[in-house]
Amino acid sequence: MKHILGTSAVALAMAGTSANAADVAAILDNYADIALAGYEDSLATAQDLKSAVNALVAAPSDATLQAAKDAWLAARVPYQQTEAFRFGNPTVDEWEGKVNAWPLDEGLIDYVDSGQGGNDENPFSLVNVIANPTVTVSGATIDATAITPAVLQDLHEVEGIEANVATGYHAIEFLLWGQDLNGTEAGAGERPATDFDTANCTNDNCDRRVQYLQAATDLLISDLEEIVATWSTGGQGRADLAEGDGIVMAFTGMGSLSYGEQAGERMKLGVLLHDPEEEHDCFSDNTHNSHYYDGLGIRNVYTGRYVRVDGSVVEGPSLYDFVAAKDAGLADNLLADMNSTMIALGAIKSTAEAGTAYDQMLAADNPAGNALIQGAIDALVAQTRNIERAVEVAGLQGVTVEGSDSLDNETAVFQ
């Protein structure tokens, strides 16, 4: 279920920059090239996901369902590395909610366990559009007789409720895995392949579940095509860098993802509550990878280097170079912090791959797991402090790093 918290902000208002304009232009060109490459890879892997979904629909089986799950997991790797391009860039931040909004009230989409579904604050949390071809919103009816991308767009965050996530990666994740009913015990979602078998249907409405899965996958592809165009030559993403202060946008994106979003909302909140509902990829138990590649995306932006899914490398002038021109020691310290963060996130990743999933690490009776997560939180906070120092040393004005009650005001989490 969606858990929305207010955020505080760490505002950093400094004097103007003295960096060479040509150097800044080259840094921003490479920054945009890395963004484009990451979104192109996200699109390509989403197209692979579509092929796997089509194969599942054509011949539902344990094997084709697993292949679709594997394709979804592969698609997350490049996408998570793009999240550092959010926050400072309004075009990207506005778009992102269509593809990566979470957590979601999954009962809007499909059947859920009677004991683990529903949200008293969301009247749509048990609508189950797969079972119900019409949805009434403020006296108006959404016709979902045919579940199409347009219908999903109408349902997404319906009535302005952010928990009503109807589109994007996590809607598809829920459809492929189903609910994870294991709490902080071992196990992910266990949706049977027969939920997509119209000839031998389980849990009813298999034809509509197939429609939803295909429509959501098609919409994900079209949304990713939109963001690829945004970062292509002449696109709005590149225009935003030129029209605003692109360096400010880049530092804002790094700092806000590092601190308020990842360390706070995605990690600290779950540790405070010991709640697997606060796990990012909660249906698939893929959160260890989601966090790892978010961290890597921050490092990519700072170092100006991205390894594409085909193994080729996009690299060039970087924010590291920008900071080093002001204070070489600080530039190296920030890079060392990011390396430490990746080691801490890597420890979570390797622990999950060895058999202890992220939601198990969150359990109140797992102090070792809690400590692993807290270690990564601490590393993210430490690197953010040096991001802030770099902003100050560089004399940038207008960088605002998003905060989180989970980090800044823990008592508010429990009120």
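**Student:** Help me understand the overall build of the chain in this model?
**Tutor:** The helix and strand inventory of the chain stands at 15 helices and 6 strands. The C-alpha radius of gyration of the chain comes to 21 Å, within 12% of the 22 Å expected for a compact globule of 415 residues. If one aligns the C-alpha atoms of the chain with their principal axes, the spans along those axes are about 65 × 50 × 45 Å. Scored against the burial criterion, the 415 residues of the chain give a buried share of 55%. When the accessible surface of the chain is summed, it comes to about 15,400 Å², and 49% of that surface belongs to carbon and sulfur atoms.

**Student:** Help me out: how do you make sense of the nonpolar core in this one?
**Tutor:** Here is a general trend for soluble globular proteins: nonpolar side chains tend to be buried in one another's company. Judged by nonpolar contacts, the single largest core of 102 residues is most densely connected at Tyr39, Tyr212, Trp231 and Phe251. A per-element tally of this core places helix H1 (residues 21-58) first, with 16 residues. Counting residues in hydrophobic clusters, the runner-up holds 16 residues, among them Met342, Ala344, Tyr358 and Leu362.

**Student:** Looking at this structure, how should I read the state of the cysteines?
**Tutor:** Here, the word disulfide means a covalent bond between the sulfur atoms of two cysteines. Scanning all chains against the criterion turns up 1 disulfide. With a sulfur-sulfur separation of 2.1 Å, cysteine 201 is cross-linked through a disulfide to cysteine 206. When the S-S torsion is 90°, as for the bridge of cysteine 201 with cysteine 206, the disulfide is right-handed. Judged by its relative accessible area of 35%, cysteine 201 falls in the partly exposed class.

**Student:** Looking at this structure, how should I read the packing of helix H8 (residues 246-273) against helix H9 (residues 287-303)?
**Tutor:** When two helices pack together, their arrangement is captured by the angle between the axes and the distance separating the axes. Close contact between H8 and H9 brings their axes to 10 Å; oriented N to C, the two are set at 170°. As summarised for this structure, H8 and H9 are arranged roughly antiparallel, according to the angle between their axes. On H9, the residues that touch Met254, Leu257, Ser258, Gln262, Arg266 and Met267 of H8 are His291, Asp294, Gly295, Ile298, Val301 and Tyr302. Considering only residue class, the contact of H8 with H9 consists of 6 nonpolar, 4 polar and 2 charged.

**Student:** Teacher, can you tell me more about the pairing of strand S3 (residues 140-143) here?
**Tutor:** Within a regular strand, side chains alternate between the sheet's two faces. Here 4 bridges tie strand S2 (residues 134-137) to S3, and the two strands are oriented antiparallel to one another. By the bridge assignment, valine 135 is partnered in S3 with isoleucine 142. Hairpin connection, S2 to S3: the antiparallel pair is bridged by 2 residues, and serine 138 has positive phi, about 50°.

**Student:** Before we go on, may I ask you to explain the side chain of serine 256 in this structure?
**Tutor:** Locating serine 256 in the fold gives a position in helix H8. Residue class for serine 256 comes out buried when judged on its relative accessible area of 0%. Looking at serine 256, its side chain comes within polar contact range of the main-chain nitrogen of glutamate 402, at 3.0 Å. With residues up to four places along the chain from it excluded, the contact list for serine 256 reads Phe87, Glu261, Thr400, Val401 and Glu402.

**Student:** In this structure, what is going on with the side chain of asparagine 300? I would like to understand it.
**Tutor:** Structurally, asparagine 300 is set in helix H9. Discounting chain neighbours no more than four positions away, the residues touching asparagine 300 are Ile34, Gln81, Arg305 and Tyr306.

**Student:** Teacher, can you tell me more about unusual backbone geometry here?
**Tutor:** With glycine set apart, most residues show a phi of negative sign, and most peptide bonds adopt trans. Geometrically, the link from tryptophan 102 to proline 103 is a cis peptide bond, its omega value of -20° lying close to zero. For proline 103, the location among the structural elements is in the loop between helix H3 (90-100) and S2. Positive phi, normally seen in glycine, also occurs at asparagine 128, with a value near 55°. Judged by its relative accessible area of 15%, asparagine 128 is buried. A positive phi angle, close to 55°, is found at aspartate 285, a residue other than glycine. Note on placement: aspartate 285 falls in the loop between H8 and H9. The buried category is assigned to aspartate 285, whose relative accessible area is 12%.

The rules behind the values
In every chain, residue numbers begin from 1 and rise along the written sequence. This being a predicted model, a pLDDT of at least 70 is required before a residue's local features are given, and a value of 80 or more before pairs of side-chain atoms are given or counted; all residues contribute to the totals for chains, interfaces and linings. Side-chain numbers here rest on the full set of heavy atoms in the structure, without hydrogens or water. Strands here are runs of E lasting at least two residues and helices are runs of H or I lasting at least four, both read from the DSSP assignment and numbered beginning at the N terminus. It is over C-alpha atoms that the radius of gyration is taken, and the globule rule equals 2.2 Å times the number of residues to the power 0.38. Burial classification: accessible surface area is computed with a 1.4 Å probe over protein chains only, and a residue below 20% of its type maximum counts as buried, one above 50% as exposed, and the rest as partly exposed. Using a 1.4 Å probe, the Shrake-Rupley method yields the accessible areas, and only the shown protein chains count as cover for residues. For our purposes a nonpolar core is just a set of buried Ala, Val, Leu, Ile, Met, Phe, Trp, Tyr and Cys residues, chained together by side-chain atoms within 4.5 Å. Throughout, a disulfide means two cysteine sulfur atoms within 2.5 Å of one another. Every angle, taken between N-to-C directions, lies between 0 and 180 degrees, and every axis is a line fitted to C-alpha atoms, over only the stretch in contact when it is a helix. An angle below 35 degrees is treated as roughly parallel, one above 145 as roughly antiparallel, one from 65 to 115 as roughly perpendicular, and anything else as oblique. Here, two residues are considered to be in contact whenever any of their heavy atoms come within 4.5 Å of each other. In the scheme used here, Gly and all other residues not listed as nonpolar or charged are polar, with Ala, Val, Leu, Ile, Met, Phe, Trp, Tyr, Cys and Pro taken as nonpolar and Asp, Glu, Lys and Arg as charged. By the convention used here, strands pair only if DSSP detects at least 2 bridges between them. Any pair of N or O atoms that falls within 3.5 Å is considered a polar contact. Within protein, one atom must be able to donate a hydrogen and the other to accept it, and sequence-neighbouring residues count only if both atoms are side-chain atoms.

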